[in-house]
Number of protein chains: 2
Amino acid sequence: MLAKPKDRRSSENEGFSFPPLSRRGFLMAAGAGALMGIIGCTQKAAEVPVTTSAPVKTTAPPKYEVPPGKWDDYIAFWSGGHSGEVRLIGIPSMRVLLRIPVFNFDCTKGWGVTEDSKALLGDFRTGDTHHPHLSYTDGTYDGRYAYVQDKINARVARIRLDYMEPDAIIEVPNVQGIHGLFPQRFPKTGYVFCNSEFQTPMPNDGRDFDKRDKYYGLHTAIDGEKMEVKWQVLTDGNQDLCATDYKGRFSMATSYNSEKGFVLEEMMEKDRDYVIVFNTKNIEKAIANGEYMEIGDSPVPVVDGRRNSPLYGEAVLYIPVPKSPHGINVTPDGKYAIANGKLSPTCTVIDLDKVEEAFAGKIKPEETIVAQPELGLGPLHTQFDGRGNAYTTLFIDSQICKWNIEKAIRQYRGENVDPIVEKLDVHYQPGHCQASMGETKEADGKWLVSLNKFSKDRFAPVGPLHPDNDQLISISGDKMVLVKDEPVWPEPHNCVIVRRDIIERVVKKIPNMSDFPVKTVITVKGSGNSRYRVAKRIYGRASDDERVTSMDKARVERVGEREVHVYMASRAPVFSPTSFKVKEGDKVRLIVTNLDKTEDLTHGVGIPRHNVNFIVNPQETRVVEFTAGLPGVYWYYCTWFCHALHLEMRGRMIVEPR
Amino acid sequence: MLAKPKDRRSSENEGFSFPPLSRRGFLMAAGAGALMGIIGCTQKAAEVPVTTSAPVKTTAPPKYEVPPGKWDDYIAFWSGGHSGEVRLIGIPSMRVLLRIPVFNFDCTKGWGVTEDSKALLGDFRTGDTHHPHLSYTDGTYDGRYAYVQDKINARVARIRLDYMEPDAIIEVPNVQGIHGLFPQRFPKTGYVFCNSEFQTPMPNDGRDFDKRDKYYGLHTAIDGEKMEVKWQVLTDGNQDLCATDYKGRFSMATSYNSEKGFVLEEMMEKDRDYVIVFNTKNIEKAIANGEYMEIGDSPVPVVDGRRNSPLYGEAVLYIPVPKSPHGINVTPDGKYAIANGKLSPTCTVIDLDKVEEAFAGKIKPEETIVAQPELGLGPLHTQFDGRGNAYTTLFIDSQICKWNIEKAIRQYRGENVDPIVEKLDVHYQPGHCQASMGETKEADGKWLVSLNKFSKDRFAPVGPLHPDNDQLISISGDKMVLVKDEPVWPEPHNCVIVRRDIIERVVKKIPNMSDFPVKTVITVKGSGNSRYRVAKRIYGRASDDERVTSMDKARVERVGEREVHVYMASRAPVFSPTSFKVKEGDKVRLIVTNLDKTEDLTHGVGIPRHNVNFIVNPQETRVVEFTAGLPGVYWYYCTWFCHALHLEMRGRMIVEPR
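Since the structure is predicted, the reported quantities are computational estimates derived from the model, not experimental observations.

What counts, and at which threshold
Residues numbered from 1 in each chain as written. Chains lettered and ligands numbered in written order. Predicted model: local features only at pLDDT ≥ 70, side-chain atom pairs only at ≥ 80, totals over all residues. Heavy atoms only, no water. Helix = DSSP H or I, 4+ residues; strand = E, 2+ residues; numbered from the N terminus. Rg over C-alpha atoms; globule rule 2.2 N^0.38 Å. Buried < 20%, exposed > 50% of the residue type's maximum accessible area, 1.4 Å probe, protein only. Contact = heavy atoms within 4.5 Å. Areas by Shrake-Rupley, 256 points an atom, 1.4 Å probe, with all protein chains shown as cover. Lys, Arg positive; Asp, Glu negative; His and termini not counted. Charge placed at Lys NZ, Arg CZ, Asp CG, Glu CD. Least-squares fit on C-alpha atoms with pLDDT ≥ 70 in both. Salt bridge = Lys/Arg side-chain N within 4 Å of Asp/Glu carboxyl O. Core = buried A, V, L, I, M, F, W, Y, C linked by side-chain atoms within 4.5 Å. pLDDT = per-residue confidence, 0-100. Pairing = 2+ DSSP bridges. Axes fitted to C-alpha atoms, helices over the stretch in contact; angles between N-to-C directions. Phe/Tyr/Trp six-rings, centres within 6.5 Å; stacked < 30°, edge-to-face > 60°. Lys NZ or Arg CZ within 6 Å of the ring centre and 35° of its normal. Buried area = accessible area lost by both parts, 1.4 Å probe. Polar contact = N/O pair within 3.5 Å; in protein donor to acceptor, adjacent residues only side chain to side chain. Nonpolar A, V, L, I, M, F, W, Y, C, P; charged D, E, K, R; others polar. Disulfide = S-S within 2.5 Å. Arc of directions from axis to C-beta.

## Concerning the overall build of chain A
Line of reasoning, step 1. What chain A contains, in helices and strands, is eight helices and 42 strands.
Line of reasoning, step 2. In terms of overall dimensions, chain A is globule-like: its C-alpha atoms have a radius of gyration of 27 Å, near the 26 Å expected for 658 residues.
Line of reasoning, step 3. In terms of its C-alpha atoms, chain A occupies a principal-axis envelope of roughly 80 × 65 × 45 Å.
Line of reasoning, step 4. Residues counted as buried form 71% of the 658 residues belonging to chain A.
Line of reasoning, step 5. Of all intrachain contacts in chain A linking residues separated by at least 6 positions in sequence, the fraction that spans at least 24 positions is 63%.
Line of reasoning, step 6. As presented, chain A carries roughly 19200 Å² of accessible surface, and 49% of it is formed by carbon and sulfur atoms.
Line of reasoning, step 7. Chain A carries 85 positive and 87 negative side-chain charges, and their two centres are separated by 3 Å.

## Here we look at the relation of the copies chain B and chain A
Line of reasoning, step 1. Relative to chain A, chain B is turned by 180° and slid 0.0 Å along the rotation axis, the superposed coordinates differing by an RMSD of 0.0 Å. In the structure described here, the two chain copies are related by an operation that fits a two-fold rotation axis. Considering only C-alpha atoms, the part of chain B nearest the rotation axis is B:Phe105, at 3.2 Å.
Line of reasoning, step 2. The fraction of interface residues of chain B whose copies in chain A are also interface residues reaches 100%, indicating that both copies meet through the same surface.

## Regarding the pattern of salt bridges
Line of reasoning, step 1. In this structure the tally under the stated criterion is 107 salt bridges over all chains.
Line of reasoning, step 2. Across the pair A:Glu197 and B:Arg650 runs a salt bridge, and its minimum N-O distance is 3.1 Å. Placement of A:Glu197 in strand E9 (residues 191-198) and of B:Arg650 in strand E42 (residues 650-656) is noted, with the two residues assigned to different chains. Neither residue differs from the other here; A:Glu197 and B:Arg650 are each classed as buried.
Line of reasoning, step 3. Among the ionic pairs, B:Arg531 bridges to B:Glu171, the shortest N-O distance being 2.9 Å. Taken together, the positions of B:Arg531 in the loop between strand E31 (516-525) and strand E32 (532-540) and B:Glu171 in strand E7 (residues 165-171) put the pair 360 residues apart, joining distant regions of the chain.
Line of reasoning, step 4. Overlapping salt bridges bring together A:Lys109, A:Asp116, A:Glu165, A:Arg537, A:Glu620 and A:Arg622 as one network.

## Observations concerning the nonpolar core
Line of reasoning, step 1. In terms of nonpolar packing, the biggest core is built from 228 residues, with A:Phe77, A:Leu590, B:Phe77 and B:Leu590 touching the most fellow members.
Line of reasoning, step 2. The residues touching A:Leu590, leaving out its near neighbours within four places in the chain, are A:Val566, A:Met568, A:Val605, A:Ile607, A:Phe614, A:Arg622, A:Val623, A:Val624 and A:Phe626.

## Side note on the confidence of the model for chain A
All names here are of chain A.
Line of reasoning, step 1. Here chain A averages 91 in pLDDT, and 91% of its residues register 70 or above.
Line of reasoning, step 2. Contacts of residues 1-59 to residues separated by more than four positions or lying in other chains number 129 contacts, the stretch itself having pLDDT below 50.
Line of reasoning, step 3. The ipTM for the predicted assembly is 0.92, set against a pTM of 0.93.

## Focus on the sheet that holds strand E23 (residues 389-394) of chain B
The strands making up a sheet associate through backbone hydrogen bonding, with each pair oriented either parallel or antiparallel.
Residue and element names in this part refer to chain B.
Line of reasoning, step 1. If you walk across this open sheet you meet the four strands as E22-E23-E24-E25, and the pairing is antiparallel. A strand with exactly one partner marks an edge of an open sheet, and here the two such strands are strand E22 (379-384) and strand E25 (420-425). Strand-to-strand twist across the sheet, computed as the mean angle between neighbouring axes with direction ignored, equals 20°.
Line of reasoning, step 2. On top of the sheet, helix H7 (residues 405-412) reaches E22, E23 and strand E24 (399-404); it is set at about 70° to E24, its chief contact.

## With respect to the packing of aromatic side chains
Line of reasoning, step 1. Under the defined criterion, the tally for this structure stands at 33 aromatic pairs over all chains.
Line of reasoning, step 2. An aromatic cluster of at least three residues, connected via ring pairs, comprises A:Tyr136, A:Tyr141 and A:Phe182.
Line of reasoning, step 3. B:Arg158 extends its terminal NZ or CZ atom over the ring of B:Tyr145, reaching a point 3.9 Å from the ring centre.
Line of reasoning, step 4. Its end group placed over the ring of B:Phe454, B:Lys456 keeps NZ or CZ at 5.5 Å from the ring centre.

## Thoughts on the pairing of E32(B)
All names here are of chain B.
Line of reasoning, step 1. By the criterion of burial, E32 is predominantly enclosed, with seven of the nine residues buried.
Line of reasoning, step 2. Pairing geometry for E7 and E32, over four bridges, is antiparallel. From the neighbouring strand, Ile-169 faces E32, where its bridge partner is Ala-535.
Line of reasoning, step 3. In the sheet, E31 pairs with E32 via nine bridges, with the strands oriented antiparallel. Note that in E32 the partner of Pro-517 across the bridge is Tyr-539.

## Considerations on the interface of chain B and chain A
Line of reasoning, step 1. With 146 residues of chain B in contact, the opposing surface of chain A contributes 146 residues.
Line of reasoning, step 2. Together, the buried faces of chain B and chain A total about 12700 Å²; carbon and sulfur atoms form 62% of this surface.
Line of reasoning, step 3. The tally of links from chain B across to chain A stands at seven salt bridges.
Line of reasoning, step 4. Remark: the boundary between chain B and chain A carries 62 residue pairs in polar contact (both at pLDDT 80 or more).
Line of reasoning, step 5. Tallied by class, the residues present in the side of chain B that touches chain A amount to 70 nonpolar, 36 polar and 40 charged.

## A look at the state of the cysteines
Line of reasoning, step 1. Applying the stated criterion across every chain yields a total of zero disulfides over all chains.
Line of reasoning, step 2. Here A:Cys194 stays unpaired: no disulfide links it, and the sulfur of A:Cys242, its closest cysteine neighbor, is 7.4 Å away.

## Examining the sheet that holds strand E22 (residues 379-384) of chain A
Residue and element names in this part refer to chain A.
Line of reasoning, step 1. The four strands lie next to each other as E22-E23-E24-E25, forming an open sheet whose pairing is antiparallel. In the strand order of this sheet, the two ends are held by E22 and strand E25 (420-425), each with one partner. Strand-to-strand twist across the sheet, computed as the mean angle between neighbouring axes with direction ignored, equals 20°.
Line of reasoning, step 2. Inspection of the sheet shows strand E24 (residues 399-404) paired to E25 by five bridges, in the antiparallel sense. Bridge pairing links Cys-401 to Lys-423 in E25.
Line of reasoning, step 3. In the packing of helix H7 (residues 405-412) onto the sheet, contacts are made with E22, strand E23 (389-394) and E24, and the angle to E24 comes to roughly 70°.

## Quick word on H7(B)
All names here are of chain B.
Line of reasoning, step 1. Ile-405, Ala-408 and Ile-409 are the residues of H7 that are buried. Considered in projection along H7, the buried side chains sweep an arc of 100° and stay on one side of the axis.
Line of reasoning, step 2. If you follow the buried residues of H7, they end up packed against strand E19 (336-340), strand E21 (369-371), E22, E23 and E24.
Line of reasoning, step 3. Two or three places before Glu-406, at the start of H7, stands the capping residue Asn-404, its side-chain oxygen 3.1 Å from that residue's backbone nitrogen.
Line of reasoning, step 4. Phi turns positive, to about 115°, at Gly-414, one or two residues after H7.

## What about the side chain of A:Arg547?
Residues and elements named next belong to chain A.
Line of reasoning, step 1. One can find Arg-547 in the loop between strand E32 (532-540) and strand E33 (555-560).
Line of reasoning, step 2. We classify Arg-547 as buried; its relative accessible area is 1%.
Line of reasoning, step 3. Among the polar contacts made by the side chain of Arg-547, one reaches the main-chain carbonyl oxygen of Ala-542 at a distance of 3.5 Å.
Line of reasoning, step 4. Of note is the side chain of Arg-547, whose polar atom sits 3.3 Å from the side chain of Asp-544.
Line of reasoning, step 5. Setting aside chain neighbours within four positions, we find Arg-547 in contact with Met-513, Phe-516, Arg-541, Ala-542, Tyr-567, Ile-591, Thr-593 and Thr-621.

## So, helix H5 (residues 280-288) of chain B
All names here are of chain B.
Line of reasoning, step 1. Along H5, the positions that sit buried rather than exposed are Thr-280, Asn-282, Ile-283, Ala-286 and Ile-287. Buried positions in H5, seen along its axis, are confined to an arc of 170° and lie on one side of it. Opposite its buried face, H5 presents the exposed residues Lys-281 and Ala-288, each directed more than 90 degrees away.
Line of reasoning, step 2. Looking at the buried positions of H5, the neighbouring elements they touch are strand E9 (191-198), strand E12 (228-235), strand E14 (250-256), strand E15 (272-279) and strand E16 (302-304).

Here it is, written out as structure tokens:
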């Protein structure tokens with residue numbers, strides 16, 4: 001339970017009211033039924049594209065072709081939604097350069113087949129990735145790691161950018177529906193913050209399921225280097241998207257369902273929700289002071305960040321914003337956080353220096369708001385070009401709205417200026433948008449991707465299941481120009497677009513045999529929905545006993561009545577050994593080292609009827625365990641085309657009757 | 001055992017010798033060591049692209065852009081290699097329009113999660129697809145089905161083109177390594193033929209693993225409409241690629257390892273291997289006459305097609321071709337089958353009318369050969385433009401060789417003509433190539449795709465694992481023009497490029513609620529490696545008891561002490577019911593019907609910590625079963641963005657303590 005509660009200033013924000021807006025009443029006064037009707041109509045209308053409010057000259061699109069053999073300027077990290085994967089996509093070509101299996105089973109790589117990947121995955125074989133973000137140093141990408149969350153099983157994975165493979169997966173305790181995720185931007189990552197979208201009883205052990213006031217959300221801080229959960233903050237309301245500032249002071253969550261509703265109508269009762277700001281230093285201080293509790297049997301310290309908490313105003317601040325805000329994005333100059341209205345046609349611009357003043361008790365939370373431009377229906381996410389413009393997706397209007405931040409601030413102060421620069425139709429219902437380097441202080445304003453949820457009539461028909469449509473838009477000129485429709489396997493939610501040089505300088509083409517995953521360390525604490533599981537791969541040098549170093553050292557060792565270890569080597573176009581014997585029912589541990597040193601010379605190992613299929617990159621060692629099946633000859637073969645004699649690269653596993 | 005053996009004419013082809021070729025000796029005389037050296041060098045050299053032998057003007061590439069919102073002219077069916085999937089790719093944009101999970105686990109769709117897909121998949125969770133082909137009527141695609149094989153577990157799947165989903169998977173008995181697959185082209189499909197690449201003991205039950213002369217391959221004929229194995233033919237040698245003629249007379253297999261070698265060196269001893277031709281009518285006749293055996297406890301009739309069989313010359317013919325042929329392709333006019341040399345620099349052109357004469361005993365098998373042009377190093381596969389030209393991939397040379405078929409025939413007759421028209425560098429090591437409609441009588445000579453095994457330096461670096469590189473080449477003009485490099489998730493082996501109208505006229509955008517998969521029928525006969533398992537989905541009308549037809553009919557039924565059935569409905573943005581209760585350890589059967597009728601309005605259902613994640617297209621019903629976990633609240637939510645209030649589309653599964 002909460003230790004040493006202090007008496008602190010409580011919020012005054014309940015009395016805050018918003019200035020009138022022309023279209024706001026339309027949405028905000030609407031009940032659930034009316035809203036659903038509106039949205040239905042708009043979706044239907046969007047099937048016939050409407051004229052953009054600022055017509056765009058499309059006759060001379062900017063240069064976006066990447067000719068054969070040329071490289072893309074950017075490598076973007078794309079979430080894969082409930083494919084559970086992350087994708088690397090070249091910009092501007094929009095070509096998929098790599099799938100990175102993360103939370104999913106993938107038999108191309110053998111992700112979920114090899115022992116190291118099974119250890120990372122734990123009990124779960126599904127994932128739902130929304131928000132991939134890279135590690136930062138001083139406000140821009142440092143090329144160390146990518147992080148991505150799994151909404152369905154409340155996990156966070158880290159991907160090593162040198163190997164482009166996950167090296168750690170954390171099951172976050174006490175939460176459900178990890179949605180928003182954002183790394184600390186300054187001085188470096190540091191923390192990776194993530195939000196639980198679903199409120200659950202605390203602890204979630206079958207008690208209190210019917211008690212609304214027992215349901216809470218948690219904001220979680222993970223140490224992104226050690227991959228450990230450091231602390232959590234208990235809040236009112238569902239937490240949605242996450243962001244951090246550029247000075248290492250705050251993490252933030254948009255929060256809806258302050259009603260604590262169980263069903264849709266209840267979740268939308270109020271016209272106001274919140275941006276919750278978490279003060280990193282003050283939370284650390286509270287924990288140092290013992291002002292925390294623990295939930296269930298999880299060992300993670302939990303700070304009380306509810307609106308009625310004694311820590312309110314010190315650890316957390318609730319800034320009132322219109323109805324059910326969704327995305328939250330920080331401008332590249334670090335000055336402002338922008339909350340996107342979703343069920344309000346506005347974005348709310350929050351001055352982050354004023355947030356510091358509010359934490360200091362000098363101003364009220366609502367006084368941190370410096371603009372609230374009305375942009376259109378369904379603003380979800382905002383991006384930046386580094387030239388003072390913001391680009392907001394309008395889900396219901398199916399548009400990107402380009403607007404000027406300073407003009408919006410002047411308008412809010414009462415000046416008669418229109419912050420809207422231009423609107424561009426997209427196809428259809430955009431969720432996130434992302435600009436090149438748009439989540440860094442180096443936002444360069446060249447490309448914007450609109451990640452649209454519906455493609456409808458944009459692609460040749462391929463059945464009841466439609467791809468999503470990610471559209472590439474040039475933003476380098478005065479006008480936005482749509483240059484490309486890219487169908488995508490649903491459903492990418494978000495991406496970050498990273499300059500190629502950042503990746504190019506760190507990525508390994510051929511791992512060194514002394515630097516590959518040698519073991520996976522698993523830590524489990526707590527139980528049930530408070531279970532806290534961390535799986536981390538350790539990279540290093542395997543001993544010569546643990547893998548073969550030459551073709552002639554391949555060997556088969558029986559280590560017991562029912563267990564055989566097979567140390568195998570591959571060098572195109574042969575495996576060594578070319579055959580081995582096991583007995584029916586044996587546990588077989590197969591350790592394969594690829595001795596090839598040529599870039600791109602990956603081998604695969606498939607064994608019929610044993611669910612064994614995985615790859616081994618040059619100089620890597622991978623391990624699988626399986627049970628030998630019915631007696632017979634099983635030809636293991638190379639599944640990755642490696643050589644003119646690739647088809648002949650195989651050998652026989654001979655299963656003898658026991 | 002073989003019934004009623006007859007005395008028949010035996011082959012005279014052992015004495016056949018090939019005409020001399022300038023470079024052939026280079027490869028054919030080489031032992032394994034020399035070959036591997038050659039290939040190693042060539043791979044290295046290919047890193048620096050060499051000048052094409054016929055320099056290509058690349059300044060004015062043909063129009064291949066597909067502007068935003070426009071549709072591709074072709075929908076290509078791409079294999080996914082050991083990803084286990086099939087992909088639909090638009091040509092010429094090369095955009096992936098759809099992934100079709102087939103033999104793999106895919107948590108986007110819930111393939112391997114839903115009960116119907118689990119029933120289709122059976123025991124296996126890996127796949128290795130190489131050769132997708134569509135059903136034919138009179139030599140061209142009829143839009144009914146696609147078929148694809150799984151090399152790793154010897155399976156064949158059928159995909160319904162209206163739903164773009166697999167509706168049947170067969171485990172083929174007695175074989176390993178199903179590689180080549182080709183449907184009957186005339187009068188219609190009819191049979192789907194497939195080859196076992198690995199020779200195994202017959203039966204493969206642990207006996208005879210060390211007896212070389214007990215190892216055989218099998219050519220399998222599947223009824224592509226009923227999805228049943230009709231018969232198999234036992235052959236000497238590994239069977240590789242498969243083809244059929246355009247008159248419904250023959251299926252064919254390239255065959256290597258006539259040596260019956262266990263290891264590489266043994267497999268390459270002889271300079272000659274075979275094209276095996278299977279005479280469909282005569283095989284049917286033999287079976288009708290009882291001239292077949294059965295292997296193990298599989299019920300499938302097996303005809304003896306070995307070279308020393310009494311049925312030689314009637315059921316099968318072995319046409320001698322140079323060392324380890326790989327691809328076999330039939331010209332769109334139906335006249336010729338072309339076997340690609342792999343370890344010989346030649347292609348062998350076989351006249352199919354002469355094959356009929358050979359079966360009639362009028363000529364010797366080798367006399368069916370009408371040309372054998374020397375094309376370059378490592379010819380693997382050949383395609384056609386319908387204007388008399390062939391396009392052959394040269395794996396080792398990393399080139400496409402365009403050559404004229406009639407000129408090659410004239411050259412073989414002794415005329416001094418050069419059949420080679422042009423060579424184009426590709427990047428690097430091409431396996432298959434495919435031309436638009438190139439496997440039909442309607443080959444239109446517009447596009448050629450070269451499916452290259454290595455991409456090396458062609459794309460921005462993304463780690464040790466490189467994508468493959470599928471390159472798009474215009475073949476509509478006099479010169480081949482390379483227009484596009486497309487990185488692909490390894491490893492597609494082959495594709496077929498289908499005119500859009502063929503797909504467009506059959507594909508369903510919204511299934512009718514009375515026409516979706518209602519049950520899966522599974523038949524298993526035989527056991528072990530002779531197991532013959534067929535799983536077929538039945539489409540039809542589910543009764544109103546089996547699914548809900550309106551939101552208010554959603555219900556939860558306890559059907560026993562430990563089993564609960566949940567009948568759920570979805571309509572954006574709500575599920576019905578919004579909560580349900582089960583007990584810890586209950587078997588839960590969740591039947592979800594998507595009541596939305598709007599095209600593209602798919603919903604997903606994810607349940608935290610229960611490995612439940614699947615989608616339901618408009619008007620579909622899908623079923624999953626799982627065991628309720630530890631007590632607590634689990635928010636099930638829509639994983640497929642469906643509405644402005646999608647994020648709020650969820651409900652609570654409340655697991656009570658038992």
